[in-house]
Amino acid sequence: MLNNKMNISENKILLDIENIRKDFPILSTLVHSTPLVYLDNAATTQKPNAVLDMQNVYYKEQNANIHRGVHHLSETATFEYEKARGKIKNFINAADNKEIIFTAGTTAGINLVAHSFGKTFLKAGDEVIISAMEHHSNIVPWQMICEEQGAHLRIIPMNDDGELLLDEYKKLLTPKTKIVSVVYISNSLGTINPVKKIIELAHHNGSKVLIDGAQAVAHTKVDVRELDCDFFVFSGHKIFGPTGIGVLYGKASLLEQMKPYQGGGDMILSVTFEKTTFNDLPYKFEAGTPNIAGVIGLGAAIDYVNGIGLDAIAEYEQSLLHYGTGLLRSIKGLRLIGTAKEKAGILSFVLENAHPHDIGTILDRQGIAIRTGHHCTQPVMQRFGIPATARASISFYNTKTELDVLVRGIEKVKEIFE
Amino acid sequence: MSELNELYQQLILEHNKTPRNFIKPEQFTHDADGYNPLCGDHYHIWLKLDGETISDIGFQGSGCAISKSSASMMTSALKGASLSQAKELFEKFHSVIMTKIGDEIPEATIEELGSLGALAGVREFPARIKCASLAWHALNAALTKTEKSISTEIEKK
Ligand SMILES: Cc1ncc(COP(=O)(O)O)c(C=O)c1O
């Protein structure tokens, strides 16, 4: 698998993009009679055949409920489900399978932690720190639990390039800080935050840390033990897996102390009307029949990514980012939003005379899929004094040729609006 | 691509660049926000009713070319119009932009819309219909909102 996806030349690993693209059936669709140029990978990624086939096999040959049947199919489904948990544990280098909790996605994972950690550890007057570039899903759950517990939210500010101000962060850390929750890679700016440093400083202060890895896992190698984060969340659909499935990693020692989030089947050891004993990790946090097909599909997605290799992916995407940044910078009247030194493959921009929404429509008619709007980060838009941006986001199946098409598309927008 | 030229006609681009009535009137009796949380288009609309007549109307805010030109054309068409004329125009406009792709729109209907007829092309772009109707919904909110507050005033008395 490894060899047919790579060419070794001049000691450099190059991806065989032409063959990789064949693994993703949707990439050969026509949109408005032109070949699709899919540059909305930060919203969701496309799915390779390996994932689609695996889910099909599950439903055709293995479908059963898990952890509760003695029959053959149930045992097979349970085995496949737990095997996927093991793959994810290895993928992010967690210490134990029980630290991998399946959720519906990043949003669900953050809500779980905000609620469960909040109900267990947050007291009136305590503080939670987030950053100025968080997705709404890493703002609202904390606002809700802070209000409930009488705690306060503090915000790490950023500079005009979209980089967090670590000196300001240090000042925010106090004995009241119970948890810091920050995004690894910003979905609207592309900034790669110095999360290792952020975690180190928080721990030095005695605070826990959650990392929103939604935009990270498909683009950079994640090692939760090396980072030493207390929680790490991501969504399957942003790493070539199905929608409706996600992962919460948490340190076992911490998860064990936390109250359950939802009650129901699978999360209990025994139930009487007087008293319920909760199940062990990870099941304590997995109430009800989970998204079994989603978990198995996510396992297949991770195998697929491992087959190509995240180092090669990261290197290739950086070359695309570099190329795309150069192209966009040369367009008159275009302003890039998010110019951090450490950046992932996200190109957010505004044009002098055209609103992002109009840019999106005009590009769409040329087969180019980008996202326009506030990207669920309204405070970022307010920080930069703009209502919205147009955002092209890259994955390893994109090509320089596609970025050339994007630029021609933007030129067409300018033609219309000048 | 021809639908694009149909959508972004000169008239629309021109209203986008220099919107009419893009100002808060000195006096007004009704106002409301028009906001699309999905794309961030955000306008405020004010109008002054003298009896049944819209004697002044204006808007401010930001958004795409479709929403802004639609608000500009709407305010131009409604300044001096009666409430029943406004309602009729809205219904006509709404039926045009909601006409299914491929279905014929009578030439006469487009003509009755005046400059607003330029927005007929938006029906080819289902995702953009809400942009074209945003200002109208704000207008509707302004009119119904104050009616409600008037009725509570009456109850208080
Ligand atoms: C940085 C970041 N956090 C959180 C989320 C929310 O992910 P989901 O909608 O899959 O729960 C996203 C998705 O857009 C994201 O980009």
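Residues numbered from 1 in each chain as written. Chains lettered and ligands numbered in written order. Predicted model: local features only at pLDDT ≥ 70, side-chain atom pairs only at ≥ 80, totals over all residues.

Turning next to the overall build of chain B. Looking only at helices and strands, one finds 6 helices and 3 strands in chain B. When its helices and strands are written in sequence order, chain B yields α-α-β-β-β-α-α-α-α. (Helix = DSSP H or I, 4+ residues; strand = E, 2+ residues; numbered from the N terminus.)

A few words now on the overall build of chain A. Assigned secondary structure in chain A consists of 14 helices and 19 strands. Projected onto its principal axes, the C-alpha positions of chain A cover 70 × 55 × 40 Å. Buried residues in chain A amount to 48% of all 418 residues. Counting only contacts in chain A whose residues sit at least 6 apart along the sequence, the fraction spanning at least 24 positions is 69%. (Buried ≥ 20, exposed ≤ 12 C-beta atoms within 10 Å, placed from the backbone. Contact = placed C-beta atoms within 7 Å.)

To continue, consider the interface of chain A and chain B. Counting from both sides, the interface comprises 12 residues of chain A and, opposite them, 16 residues of chain B. Elements with a contribution of two residues or more to the side of chain A that touches chain B: helix H12 (356-364) and helix H14 (400-417) of chain A. At 4 residues, the largest contribution of residues to the side of chain A that touches chain B is made by H12(A).

Taken together, 14 residues lie around the ligand, and Gly105(A), Thr107(A), His135(A), Asn187(A) and Ser235(A) are the ones closest in. When its residues are assigned to classes, the shell around the ligand shows 4 nonpolar, 9 polar and 1 charged. (Near = placed C-beta within 6 Å. Nonpolar A, V, L, I, M, F, W, Y, C, P; charged D, E, K, R; others polar.)

Looking now at the sheet that holds strand S2 (residues 42-50) of chain B. All names here are of chain B. Strand order in the open sheet formed by 3 strands is S1-S2-S3, and the pairing between neighbours is antiparallel. Bordering the open sheet on either side are strand S1 (30-35) and strand S3 (53-62), each of which pairs with just one other strand. Between one strand and the next, the sheet's axes are offset by a mean angle of 15 degrees, whatever the strand orientation. As defined by bridge partners, S1 adjoins S2 across 6 bridges and the pair is classed as antiparallel. In the sheet register, Asp 31 faces S2, and the bridge partner there is Trp 46. Its contacts with the sheet place helix H3 (residues 65-78) against S2 and S3, and it is angled at close to 170 degrees to S3. (Pairing = 2+ DSSP bridges. Axes fitted to C-alpha atoms, helices over the stretch in contact; angles between N-to-C directions.)

Let us look at the domain arrangement of chain A. Residues and elements named next belong to chain A. Taken as a whole, chain A is organised into domain 1 (3-48 + 309-417) and domain 2 (52-306). Each of domain 1 and domain 2 was reduced to a C-alpha centroid, and the two centroids are 27 Å apart. Across the contact, 30 residues belong to domain 1 and 29 residues belong to domain 2. Of all elements in the fold, only helix H11 (310-329), strand S16 (346-351), helix H13 (378-384) and strand S19 (389-393) reach the threshold of two or more residues within the side of domain 1 that touches domain 2. The residue makeup of the side of domain 1 that touches domain 2, split by class, is 12 nonpolar, 11 polar and 7 charged. (Domains from an automatic or database assignment.)

The subject of this paragraph is the packing of helix H2 (residues 49-62) of chain A against helix H10 (residues 292-308) of chain A. Residues and elements named next belong to chain A. Interhelical geometry of H2 versus H10 gives an angle of 145 degrees and a closest axis separation of 8 Å. When the axes of H2 and H10 are compared, the crossing they make is right-handed. Residues Ala 50, Val 51, Met 54, Gln 55, Tyr 58 and Tyr 59 of H2 touch H10, and the partners they reach there are Ala 293, Ile 296, Gly 297, Ala 300, Ala 301, Asp 303 and Tyr 304. Counted by class, the contact of H2 with H10 contains 10 nonpolar, 2 polar and 1 charged residues. (Left-handed = near helix turned anticlockwise from the far one by under 90°.)

Another point: H11(A). Residues and elements named next belong to chain A. Spanning 20 residues, H11 covers 28 Å between terminal C-alpha atoms, matching the ideal 28 Å at 1.5 Å per step. Taken together, the buried positions of H11 are occupied by Ile 313, Tyr 316, Glu 317 and Gly 324. Taken down its axis, H11 places every buried residue within 100 degrees of arc, on the same side. Every exposed residue of H11 that faces more than 90 degrees away from the buried side is listed here: Asp 311, His 322, Gly 326 and Arg 329. (Expected span 1.5 Å × (residues − 1). Arc of directions from axis to C-beta.)

Within the secondary structure, Leu52(A) is located in helix H2. For Leu52(A) and Pro25(A), which are 27 residues apart along the polypeptide, the C-alpha to C-alpha distance reads 10.0 Å.

The pairing of strand S13 (residues 268-271) of chain A with strand S14 (residues 276-278) of chain A spans 3 bridges and is antiparallel. Within S14(A), the residue paired with Ile268(A) across the bridge is Phe278(A).

Here the focus is the nonpolar core. Counting residues in each nonpolar core, the largest one holds 108 residues, and the members touching the most others are Val209(A), Ile211(A), Tyr249(A) and Ile296(A). Per-domain counts for this core show at least three residues from each of domain 1 (3-48 + 309-417) and domain 2 (52-306) of chain A. With residues up to four places along the chain from it excluded, the contact list for Val209(A) reads Ile179(A), Val180(A), Ile198(A), Ile199(A), Ala202(A), Cys229(A) and Asp230(A). Core analysis: the second largest hydrophobic core is formed by 38 residues, Tyr8(B), Ile45(B), Ala65(B) and Ala77(B) among them. (Core = buried A, V, L, I, M, F, W, Y, C linked by C-beta atoms within 7 Å.)

Quick look at the sheet that holds strand S15 (residues 334-337) of chain A now. Residue and element names in this part refer to chain A. Spatially, the 4 strands line up as an open sheet ordered S15-S16-S19-S18, and their pairing is antiparallel. Every other strand in the sheet has two partners, leaving S15 and strand S18 (371-373) as the edge strands with one partner each. Here the average twist between neighbouring strands, direction ignored, is 30 degrees. Bridge count for S16 against S19 is 4 bridges, and the pairing is antiparallel. Within S19, the position partnered with Phe 349 by the bridge is Ala 390. Against the sheet, H11 engages S15 and S16, with an angle of about 10 degrees to S16.

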